[in-house]
Amino acid sequence: MAKIAVIGAGVAGATAALYLGEIGLDVTLFEEKPDLVSGPPFCHLHAGGNLYREIPDSQCITLLKESIDLLRFYPHSIDYRPTVIIIPKNDNIDPKELHPRLKKLQNEYQQLINSDIKNKVLGESKNYFKFYNRDEIEEIKNKQIVKQPKTLDEWMIPVSKNIDLDKVKFPFVIVQEYGLNLFRLCASVSLSLESLSNCDTKTDTKVINITKNQNRWNVKSTKQNISNTEEFDYIINAAGYKSGTIDDMLGFKRKRFVEFKAAYVTKWENCTDIWPEVIFHGKRGTPNGMGQFTPYPDGHFQLHGMTESITLFNNGLVKSCDKSSQPKLDNKFINKIDKSWETKDVESRTNLAINHLAKFIPAFSNSKVASKPLYGAQQIPGTDKELRASDVSFEDDRYARCEIVKASSVLSMIDSIVDKLIKLGYVDKSAYKKRDFKNRDIDINDIDNYSKLICQKRDYPISLGTVNTQKG
């Protein structure tokens, strides 16, 4: 049995370890933090990439396909609610310009269903998106809130009642891009890995050196000041924003960016309505950058504002150089990642995020800081800082470098790695693009309890480990 080392247990590394363990390989997963999936936050299943109007249609189609794969792999990590896209009046885009791309994605979704009925996970293709003019929104505004919305019109009720309609353009669009819950995915993959005897998960363990011995790799790690060296047939570098440090150990050159980002956790008192996610488009990096309003139970909302005073940071995007494959983040960001945020920084940036969204949702202005932000650094491979659909690259015959930008790309990444392992004779061809594994059979109550435990352990409200709506 081939021995595989996976370095880094973010969503990429942990999922790779799970997949390879499920197909029978001997896997060791190294993670320097105390638990899994603790890297940069994610909250959105990019089933069409409609948050990113600046990327080409080809990347949106890729994200649609990859999101369907991820949903099938982690069905209990999904918040089954749609996303509403709204264009502010101060933006130079006409909402109708979104229609050709949405139609293309709708057709692509139907083709995916035609190829495999199990891909029908976003509802009927005819309901993938819907436009609403102002008269329709005004009519919906008079309807009663529905406790458990099912139709697109029912999802639009809290939006119509709370948005300042004089500050936005029409039509609105609602699209079946669902939520992706970080804490529940952490629970799903952690519990699944625990059930596999051929997967050894080493947390609180840092890889400090790698050397090659003919066709095998010697991986030296340390835990609690005790060093250990093991030999492996194949290495998967899934070290996230630190991937360049692993490349540097081996002398591999790779251009990449690293970007530090944060999302803010808020509590809207007395809000009991179940919302869709709402996106207010805007040009990234400007004071009117995109606002993202992500709902959780009990009046909690996660906020992004694509400005340098909220989600983005001045000098928070850095790139590698000729001497090192590892971009160098400023120490102020490293301190946030490794230690903590200053209270005044949490308060000021969260309140700026609240104000950013309250421009369009006036009643939200009374919201409060609920916890520290969700934050982290992510790598963007290559030289295009706008890249959103990416998966993996290779060095040597036995070294893979995970390069996902969005969590939805992990299965495509793994497919490429498995293809390499098949060619090396480590696994059978039947392992390629396998999608149905026993990890889907984990008891949902166990996932609920574990995700809440992780929230508490990381000092976040337990509501963040819960989804508003389950499938069915």
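Keep in mind that what you see is a predicted model, and the values were worked out from it rather than measured. (Residues numbered from 1 in each chain as written. Predicted model: local features only at pLDDT ≥ 70, side-chain atom pairs only at ≥ 80, totals over all residues. Heavy atoms only, no water.)

A.B. asks: Teacher, can you tell me more about the overall build of the chain here?
C.D. replies: Scanning the chain for helices and strands turns up eleven helices and 21 strands. Expected size for 472 residues packed as a compact globule is a radius of gyration near 23 Å; at 22 Å, the chain falls within 12% of this value. Dimensions of the chain, computed from C-alpha atoms along their principal axes, come out at roughly 70 × 50 × 40 Å. Look at the contacts in the chain between residues 6 or more apart in sequence, and 72% of them connect residues 24 or more apart. Here the chain has roughly 19300 Å² of accessible surface; of this, 45% comes from carbon and sulfur atoms. Counting 67 positive and 61 negative side-chain charges, the chain places the centres of these two groups 2 Å from one another. (Helix = DSSP H or I, 4+ residues; strand = E, 2+ residues; numbered from the N terminus. Rg over C-alpha atoms; globule rule 2.2 N^0.38 Å. Contact = heavy atoms within 4.5 Å. Areas by Shrake-Rupley, 256 points an atom, 1.4 Å probe, with all protein chains shown as cover. Lys, Arg positive; Asp, Glu negative; His and termini not counted. Charge placed at Lys NZ, Arg CZ, Asp CG, Glu CD.)

A.B. asks: In this structure, what is going on with the sheet that holds strand E9 (residues 206-213)? I would like to understand it.
C.D. replies: Pairing between sheet strands relies on hydrogen bonds along the backbone, with the strands arranged either parallel or antiparallel. Judged by pairing direction, the sheet is antiparallel, and its three strands sit side by side in the order E9-E10-E11 without closing on themselves. Every other strand in the sheet has two partners, leaving E9 and strand E11 (226-232) as the edge strands with one partner each. Going across the sheet, the axis of each strand differs from the next one's by a mean of 20 degrees, ignoring polarity. Across seven bridges, strand E10 (residues 216-223) lies against E11 in antiparallel orientation. (Pairing = 2+ DSSP bridges. Axes fitted to C-alpha atoms, helices over the stretch in contact; angles between N-to-C directions.)

A.B. asks: Hey, could you run me through helix H11 (residues 444-457) in this one?
C.D. replies: Since one α-helical turn is 3.6 residues long, residues separated by three or four positions face the same way. Compared with the 20 Å implied by 1.5 Å per residue over 14 residues, the 20 Å span of H11 between its first and last C-alpha is a close match. Taken as a whole, H11 has its buried residues at Ile447, Ser451, Ile454 and Cys455. Along the axis of H11, the buried residues cluster in a sector spanning 100 degrees; they form a single face. Structural note: H11 exposes Asn449 and Lys457 on the side pointing more than 90 degrees away from its buried face. The N-capping residue of H11, defined by a side-chain oxygen 2.7 Å from the backbone nitrogen of Asn445, is Asp443. Looking one or two residues past H11, Asp459 carries a phi angle of roughly 65 degrees, positive in sign. (Expected span 1.5 Å × (residues − 1). Buried < 20%, exposed > 50% of the residue type's maximum accessible area, 1.4 Å probe, protein only. Arc of directions from axis to C-beta. Polar contact = N/O pair within 3.5 Å; in protein donor to acceptor, adjacent residues only side chain to side chain.)

A.B. asks: Sorry, what's going on with the packing of helix H1 (residues 11-22) against helix H10 (residues 410-423) here?
C.D. replies: To characterise two packed helices, one gives the angle between the axes of the helices and the distance between these axes. Two elements in contact, H1 and H10, have axes separated by 10 Å at closest approach and are oriented at 50 degrees. Viewed along their axes, H1 and H10 adopt a mutual orientation that is oblique. As H1 runs across H10, the sense of the crossing is right-handed. Mapping the contact onto sequence places Val11, Ala12, Thr15, Ala16, Tyr19 and Leu20 in H1 and Val410, Leu411, Met413, Ile414, Asp415, Val418 and Leu421 in H10. Its residues assigned to classes, the contact of H1 with H10 comprises eleven nonpolar, one polar and one charged. (Parallel < 35°, antiparallel > 145°, perpendicular 65-115°, else oblique. Left-handed = near helix turned anticlockwise from the far one by under 90°. Nonpolar A, V, L, I, M, F, W, Y, C, P; charged D, E, K, R; others polar.)

A.B. asks: Explanation requested: the side chain of Arg435 in the structure shown.
C.D. replies: Structurally, the position occupied by Arg435 is in the loop between H10 and H11. On the accessibility criterion, Arg435 (9% relative accessible area) is buried. Looking at Arg435, its side chain comes within polar contact range of the side chain of Asp69, at 3.2 Å. In terms of polar contacts, Arg435 uses its side chain to reach the side chain of Asp415, at 2.6 Å.

A.B. asks: Mind showing me how you'd approach the packing of aromatic side chains here?
C.D. replies: The geometry of two aromatic rings is summed up by the distance between their centres and the angle between their planes. Scanning the model with the defined rule gives 28 aromatic pairs in all. Ring centres 4.3 Å apart and planes at 20 degrees place the aromatic pair Phe293 and Phe301 in the stacked group. Take Phe293 and Phe301: they sit in the same class, and that class is buried. Put simply, the rings of Phe260, Tyr264, Phe313, Phe333, Trp341 and Tyr375 touch in pairs and so form one group of aromatic residues. Positioned above the aromatic ring of Phe232 is the side chain of Lys3, whose terminal nitrogen or guanidinium carbon lies 5.0 Å from the ring centre. The ring of Tyr52 carries the charged tip of Arg388 above its face, separated from the ring centre by 5.3 Å. (Phe/Tyr/Trp six-rings, centres within 6.5 Å; stacked < 30°, edge-to-face > 60°. Lys NZ or Arg CZ within 6 Å of the ring centre and 35° of its normal.)

A.B. asks: Please explain the sheet that holds strand E8 (residues 199-202) as it appears in this structure.
C.D. replies: Pairing in this open sheet of six strands is mixed, and the strands run E8-E2-E1-E12-E21-E20 from one edge to the other. In this open sheet, the two edge strands, each paired with only one partner strand, are E8 and strand E20 (392-395). On average, each strand axis in the sheet is tilted by 20 degrees relative to the strand beside it, whichever way the strands run. Strand direction decides the pairing type here: strand E1 (residues 3-7) and strand E2 (residues 26-30), joined by five bridges, are parallel. If you follow Val6 over to E2, its bridge partner there is Leu29. In the packing of helix H7 (residues 243-250) onto the sheet, contacts are made with E1, strand E12 (234-237) and strand E21 (399-402), and the angle to E21 comes to roughly 155 degrees.

A.B. asks: Explain the pattern of salt bridges here, please?
C.D. replies: Proximity of charged atoms lets side chains of opposite charge pair with each other. One pass over the structure, following the stated rule, counts 32 salt bridges. Note that Lys130 and Asp153 form a salt bridge whose closest N and O atoms lie 3.1 Å from each other. Note that Lys130 is positioned in strand E5 (residues 129-132) and Asp153 in helix H5 (residues 152-162), a separation of 23 residues in sequence. The exposure class assigned to Lys130 is partly exposed, which follows from its relative accessible area of 32%. (Salt bridge = Lys/Arg side-chain N within 4 Å of Asp/Glu carboxyl O.)

A.B. asks: Whenever I open this one, the pairing of E20 confuses me. Can you help?
C.D. replies: Two strands pair when backbone bridges link them, and E20 and E21 are joined in this way by four bridges, in the antiparallel orientation. Considered in E21, the bridge of Phe394 is made with Ala400. Between E20 and E21, which follow one another and run antiparallel, lie three residues, and Asp396 among them has a positive phi close to 60 degrees.

A.B. asks: In this structure, what is going on with unusual backbone geometry? I would like to understand it.
C.D. replies: Phi is mostly negative for residues that are not glycine, and the peptide bonds are mostly trans. Cis geometry is adopted by the peptide bond preceding Pro171, which originates at Phe170 and carries an omega value of 5 degrees. Here Pro171 shows up in the loop between H5 and strand E6 (172-175).

A.B. asks: I tried to follow the nonpolar core on my own but got confused; where do I start?
C.D. replies: Generally speaking, soluble globular proteins have nonpolar side chains that are buried together. Ranked by size, the top nonpolar core spans 137 residues in total, and within it Ile4, Leu20, Val37, Leu122, Phe172 and Phe293 carry the most contacts. Sequence-distant contacts of Phe172, defined by excluding residues within four places in its chain, comprise Ile85, Ile86, Lys130, Phe131, Tyr132, Ile137, Met156, Val159, Ile163 and Leu165. In this structure, Phe30, Trp217, Ile246 and Phe252 belong to the second largest nonpolar core, which totals 13 residues. (Core = buried A, V, L, I, M, F, W, Y, C linked by side-chain atoms within 4.5 Å.)

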